[in-house]
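Fold and contact review
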Amino acid sequence: MKDHTECIQIQYDPNIISFDALLDIMFAEHRGYLNKPYSIQYRSGIWYQTEEQEKCARGKIDEIRQATSREVFTHVAPLGEFYMAEEYHQKYMEKAKTRSVWF
């Protein structure tokens, strides 16, 4: 398959953590946005559900561009249909605690 992007879907309570705070965590922990993707499968992306989320995502990208003077290679688009991965991919890191995982 060459027409998909591997991603995660996050369910959160905005009364506990904001979308903006989730973006801060994403950009702090994930550096893929700094390199042009070699395929859509491994691109950095944010799929939003509301106009407010889109505005927040694009604003965060602009902040990073201004702070670093670098291009940000993060795809931003409305959320379409989300397909769950195969069962053996579900909760991968939780399952991986019992074996070695190399990144």
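To keep things clear, this report deals only with the structure shown in the data block. (Residues numbered from 1 in each chain as written. Predicted model: local features only at pLDDT ≥ 70, side-chain atom pairs only at ≥ 80, totals over all residues. Heavy atoms only, no water.)

1. Some points on the overall build of the protein chain
The following threshold applies: The way it works is that DSSP assigns letters per residue, a run of H or I at least four long becomes a helix, a run of E at least two long becomes a strand, and they are numbered from the N terminus. Think of it in three bands: with a 1.4 Å probe and only protein chains considered, a residue is buried below 20% of the maximum accessible area for its type, exposed above 50%, and partly exposed in between. Working rule for contacts: check all heavy atoms of both residues, and any pair within 4.5 Å makes them a contact. A 1.4 Å probe and the Shrake-Rupley method give the accessible areas. Residues count as covered only by the protein chains that appear here.
When you go through the protein chain residue by residue, the secondary structure sums to three helices and two strands. Helices (α) and strands (β) of the protein chain occur, in sequence order from the N terminus, as α-β-α-β-α. Residues counted as buried form 21% of the 103 residues belonging to the protein chain. Sequence separation of at least 24 residues holds for 66% of the intrachain contacts in the protein chain that already meet a minimum separation of 6. With an accessible surface of roughly 8,400 Å², the protein chain has 53% of that area assigned to carbon and sulfur atoms.

2. Looking at the side chain of T74
Quick note on the threshold: Throughout this description, a polar contact denotes any pair of N or O atoms lying within 3.5 Å of each other; where both atoms belong to protein, one of them has to be capable of donating a hydrogen while the other can accept it, and for residues adjacent in sequence the pair is counted only when both atoms sit in side chains.
If you trace the backbone, T74 turns up in strand β2 (residues 74-78). For T74, a relative accessible area of 11% translates into the label buried. Among the polar contacts made by the side chain of T74, one reaches the side chain of S44 at a distance of 3.0 Å.

3. With respect to helix α1 (residues 19-29)
Quick note on the threshold: Working note: the arc is built from the helix axis to C-beta atom directions.
Taken as a whole, α1 has its buried residues at F19, L22, L23 and F27. All buried residues of α1 fall inside an arc of 130 degrees around its axis, so they share one side. Close packing links the buried residues of α1 with β1 (44-48), α2 (51-68) and β2.

4. Some remarks on the packing of aromatic side chains
Put simply, the rule is: When the centres of two rings from Phe, Tyr and Trp lie within 6.5 Å, Trp using its six-membered ring, the rings pair. Their planes under 30 degrees apart give stacked, over 60 give edge-to-face, and anything left gives tilted.
In the structure shown here, the tally under the stated rule is one aromatic pair. Consider the rings of Y12 and F19, whose centres lie 6.4 Å apart with planes at 35 degrees: the pair is tilted.

5. Considerations on the pattern of salt bridges
Condition: The salt bridge criterion pairs a side-chain nitrogen of Lys or Arg with a carboxyl oxygen of Asp or Glu, the two atoms within 4 Å.
For the structure shown, the criterion picks out six salt bridges. Across the pair K60 and D20 runs a salt bridge, and its minimum N-O distance is 3.1 Å. Here K60 is found in helix α2, whereas its partner D20 is found in helix α1, with 40 residues between them in sequence. For D20, a relative accessible area of 30% gives the class partly exposed.

6. A few points about α2
Applicable threshold: Residue count minus one, scaled by 1.5 Å, sets the expected span of a helix.
With 18 residues, α2 should reach 26 Å at 1.5 Å per residue; the first-to-last C-alpha distance of 26 Å fits that figure. Residues of α2 that are buried include every one of Q53, C56, A57, K60, I61 and I64, and no others. In a view along the axis of α2, the buried residues occupy a sector of 130 degrees, so they form one face of it. Among the exposed residues of α2, those oriented more than 90 degrees off its buried face are E51, E52, K55 and Q66. Looking at the buried residues of α2, the elements they touch are α1, β1 and β2. Count one or two residues on from α2 and you reach S69, which has phi positive near 55 degrees.

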